[in-house]
Each structure stands twice: as C-alpha cells, then as structure tokens.
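# Observations on the model geometry
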Amino acid sequence: MRFMLLFSRQGKLRLQKWYTATAERDKKKMVRELMQIVLARKPKMCSFLEWRDLKIVYKRYASLYFCCAIEEQDNELITLEVIHRFVELLDKYFGSVCELDIIFNFEKAYFILDEFLMGGEIQDTSKKSVLKAIEQADLLQESSQLHKMLMCIFVVFFF
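Residues numbered from 1 in each chain as written. Predicted model: local features only at pLDDT ≥ 70, side-chain atom pairs only at ≥ 80, totals over all residues. Heavy atoms only, no water.

As annotated in an unreviewed UniProt entry, the chain carries the name AP complex subunit sigma and comes from Lates calcarifer. Under Subunit (unreviewed entry), UniProt gives the following word-for-word description of the chain: "Adaptor protein complex 1 (AP-1) is a heterotetramer composed of two large adaptins (gamma-type subunit AP1G1 and beta-type subunit AP1B1), a medium adaptin (mu-type subunit AP1M1 or AP1M2) and a small adaptin (sigma-type subunit AP1S1 or AP1S2 or AP1S3)." The Sequence similarities (unreviewed entry) field of the UniProt record for the chain holds the comment "Belongs to the adaptor complexes small subunit family." (UniProt positions renumbered as here; feature names shortened; annotations may be inferred.)

## Thoughts on the side chain of Glu99
Along the chain, the position of Glu99 falls in helix H3 (residues 99-104). The class of Glu99 is buried, set by a relative accessible area of 14%. Among the polar contacts made by the side chain of Glu99, one reaches the side chain of Ser63 at a distance of 2.9 Å. Dropping the residues within four chain positions of it, Glu99 is found in contact with Ser8, Arg14, Ser63 and Leu64. (Helix = DSSP H or I, 4+ residues; strand = E, 2+ residues; numbered from the N terminus. Buried < 20%, exposed > 50% of the residue type's maximum accessible area, 1.4 Å probe, protein only. Polar contact = N/O pair within 3.5 Å; in protein donor to acceptor, adjacent residues only side chain to side chain. Contact = heavy atoms within 4.5 Å.)

## Overview of the sheet that holds strand E3 (residues 48-51)
Here five strands make up an open sheet; going across it, the order is E2-E1-E5-E4-E3 and the pairing antiparallel. In this open sheet, the two strands that pair with only one neighbour each are strand E2 (13-18) and E3. Averaged over all pairs of adjacent strands, the angle between strand axes in this sheet comes to 20°, irrespective of strand direction. Relative to E2, strand E1 (residues 3-8) runs antiparallel, the two sharing five bridges. Following the sheet pairing, Phe3 is matched in E2 by Trp18. Docked against the sheet, helix H4 (residues 106-116) engages E1 and E2, running at close to 30° with respect to E2. (Pairing = 2+ DSSP bridges. Axes fitted to C-alpha atoms, helices over the stretch in contact; angles between N-to-C directions.)

## Some details on the pattern of salt bridges
Enumeration over the complete set of coordinates arrives at ten salt bridges. Of the charged contacts in the structure, one is a salt bridge between Asp53 and Arg2, with a shortest N-O distance of 3.8 Å. Of the two residues, Asp53 sits in the loop between E3 and strand E4 (54-61) while Arg2 sits in the segment before E1, which places them 51 residues apart along the sequence. (Salt bridge = Lys/Arg side-chain N within 4 Å of Asp/Glu carboxyl O.)

Okay, structure coming up:
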C-alpha cells in the first residue's frame, strides 16, 4: 500500500498515512485530485479505479471515505478487507466510530492504524491482539499521567 486517506463527503481530509516518501507539495496535489475523483463517483459505481500508475480502492462508511492506493499487481479485494478491518477496529475502540471521534482523537486513530499496518503491510489480522496492544498502551499512558500528577502533588505539598 502506498497511502491511506480518510476524508469526509465535504472533502475535508481527516487522516492520511503515507508509506512511501513523497514531497509535501505532491501529497497535497494527489490528495486534492483523488478527493475530487472519488467524491464525483456515484454510489453504485465500483470501489476500484485506476489512477496514474496505481489502483485506488475506496469505501464509504457513513460520512467518511476510506481510500487506499495500491500497486497495480496488488489485490483490490484484500485492500477492501484491510479497510473494513480498520473500520472494525475503530468501531470496537470508540464504540460505533463517527467522524467526530476521528477529528477529536486523531492520535488514537493513527495509533490504531499503526498497530494494524506497518509500512503499508498488515501487521496483525487478529482484532483481539491489536485491540489488546492498544488497551495496554492506554493503560501505560494513564499510569504515566497518574505518576506525573502524583509527582506534582508531592512537589507542591513538600516544597
């Protein structure tokens, strides 16, 4: 996979993950062009299209489009499954994920994506193990924040 984009029906980019080195100017141009193409397509049209030297696989869930660019020789159906699995992971974590969850918790969405995909390749197909890793990271973050808070209280109280 070259990259994954999440954008709204209004054309607002919500998340982007690039797995190949691309200049920032080129990224913006590619994102703008792809959003125009995908948003112009009718709902009954195929979720696969050829674009430049890539295949684009996209799927709309509620108000968000999940869009992936893959190599010509890659399997579109597997990519569609990858998109669906990512949405399932987001759903499990956020409890029926919506666009606002992605907007206000984008760092968690990126973290979930990174636990699931690395370098554009699937890391783990098991939803349980991915969610367990995310849960452990959340616990570590909470305990770190609690530790910092206790240290602040200690410093204020004793000094």
